[in-house]
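# Reading the structure
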Amino acid sequence: MALEHARVIELPKISDSRGNLTFVEGGRHIPFEIKRIYYLYDVPGGGARGGHAHKKLEQLVIAASGSFEIVLDDGRNKKKYFLNRSYYGLYIPQMVWREMENFSSGTVCLVLASDIYDEDDYFRNYQMFLNSCTITR
Ligand code: TYD
């Protein structure tokens, strides 16, 4: 079941008097090679994003600055995560619906993805996502 593979990954953090540094190596800290990076910013305080699932794409979602909640749903179970540290990433496997909520103002949400953008990889309709979960189960 997809949700069992979702998890918060603690990333390396190098601290010294100049501040902190965190890095991510594809295939080492996360279970996929990174083919794309995108980031969400200027999201209004209290705002929401997401509302979709991916057929094949894997992602690591990081609150690089600020905070937000993510509700993951594999069609059977739901789990809510709160991200507010730059050195934690939420690994989201394929076939998981996500709702991102309650962005604090000024948040930067960094997303590492296993593939380039492909609209055909999206489920944007929840009922179609549920139907596909049932078929593949
Ligand atoms: P969307 O995936 O719906 O954003 P969110 O993850 O916040 O729900 O993407 C919003 C729009 O941006 C949509 O028209 C597709 C486009 N987009 C790209 O062109 N390339 C990308 O890498 C991403 C993530 C989105």
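The structure under discussion appears in the preceding block.
A brief report on the enclosed structure follows. Sequence order as written defines residue numbering, which begins from 1 separately in each chain. Residues qualify for local features only when their pLDDT is at least 70, as the model is predicted, and side-chain atom pairs are given and counted only at 80 or more; totals for whole chains, interfaces and linings, by contrast, use all residues. Side-chain metrics rest on all non-hydrogen atoms present in the structure, leaving aside hydrogens and water.

### Thoughts on the environment of R7
Looking at the element boundaries, R7 is found in strand β1 (residues 7-10). Using a 1.4 Å probe on the protein chains alone, a residue whose accessible area is under 20% of its type maximum counts as buried, one over 50% counts as exposed, and one in between counts as partly exposed. Its relative accessible area of 38% is what places R7 among the partly exposed residues. When near neighbours in sequence (up to four residues on either side) are disregarded, R7 contacts P31, Y81, G89, L90 and Y91. Pairs of N or O atoms within 3.5 Å make up the polar contacts considered here, provided that, within protein, one atom can donate a hydrogen while the other can accept it, and that residues adjacent in sequence are counted only when both atoms are side-chain atoms. Only 3.2 Å separates the side chain of R7 from the backbone oxygen of H5, close enough to count as a polar contact. Working definition: helices are DSSP H or I runs of at least four residues, strands are E runs of at least two. Numbering for both runs from the N terminus. Contacts are assigned to residue pairs that have any heavy atoms within 4.5 Å of one another.

### Overview of the site of the ligand
A cutoff of 4 Å decides nearness: a residue is near a molecule or strand if any of its heavy atoms lies inside that distance of it. Surveying the vicinity of the ligand reveals the residues R36, Y38, L40, R49, G50, H52, Y117, Y122 and R124. At 2.5 Å, a side-chain N or O of R36 approaches an oxygen atom of the ligand. Residue G50 places a main-chain N or O atom 3.0 Å away from an oxygen atom belonging to the ligand. Note on areas: Shrake-Rupley with a 1.4 Å probe; residue coverage comes only from the protein chains shown. In the complex, 63% of the free accessible area of the ligand, which totals 520 Å², lies under the protein chains.

### Section: the environment of E58
Summarising the element assignment, E58 is placed in the loop between β5 (49-54) and β6 (59-65). In the structure, E58 is positioned 33 residues away from Y91 in sequence and 7.5 Å away in space, judged by C-alpha atoms. In contact with E58, other than residues within four places in its own chain, are P31, F32, Y91, I92, P93, Q94, L112, A113 and S114. Here Y91 takes part through its side chain, which lies 2.4 Å from a polar atom of the side chain of E58.

### Things to note about the sheet that holds strand β9 (residues 88-92)
Here, strands pair whenever DSSP counts at least two bridges between them. An order of β1-β9-β6-β11-β4 is seen for the five strands of this open sheet, with the pairing classed as antiparallel. Each of the sheet's edge strands pairs with one partner strand only, and the pair in question is β1 and β4 (36-40). Neighbour-to-neighbour, the strand axes of this sheet turn through a mean angle of 25°, independent of strand direction. Pairing of β6 with β9, which is carried by four bridges, proceeds in the antiparallel orientation. Within β9, the residue paired with Q59 across the bridge is I92. As a rule, the C-alpha atoms of each element are fitted with a line to give its axis, helices using only the stretch in contact, and angles between N-to-C directions run from 0 to 180 degrees.

### As for the pattern of salt bridges
Each salt bridge in this description consists of a side-chain nitrogen of Lys or Arg and a carboxyl oxygen of Asp or Glu lying within 4 Å of one another. For the structure shown, the criterion picks out five salt bridges. We note a salt bridge from R18 to D16, for which the minimum N-O separation is 2.7 Å. A relative accessible area of 75% places R18 in the exposed class. Ionic pairing is found between D115 and K35, a salt bridge with its closest N-O pair at 3.7 Å. Placement of the pair is D115 in the loop between β11 (108-113) and β12 (122-123) and K35 in the loop between β3 (19-22) and β4, with a sequence separation of 80 residues.

This is a description of form; function is not addressed.
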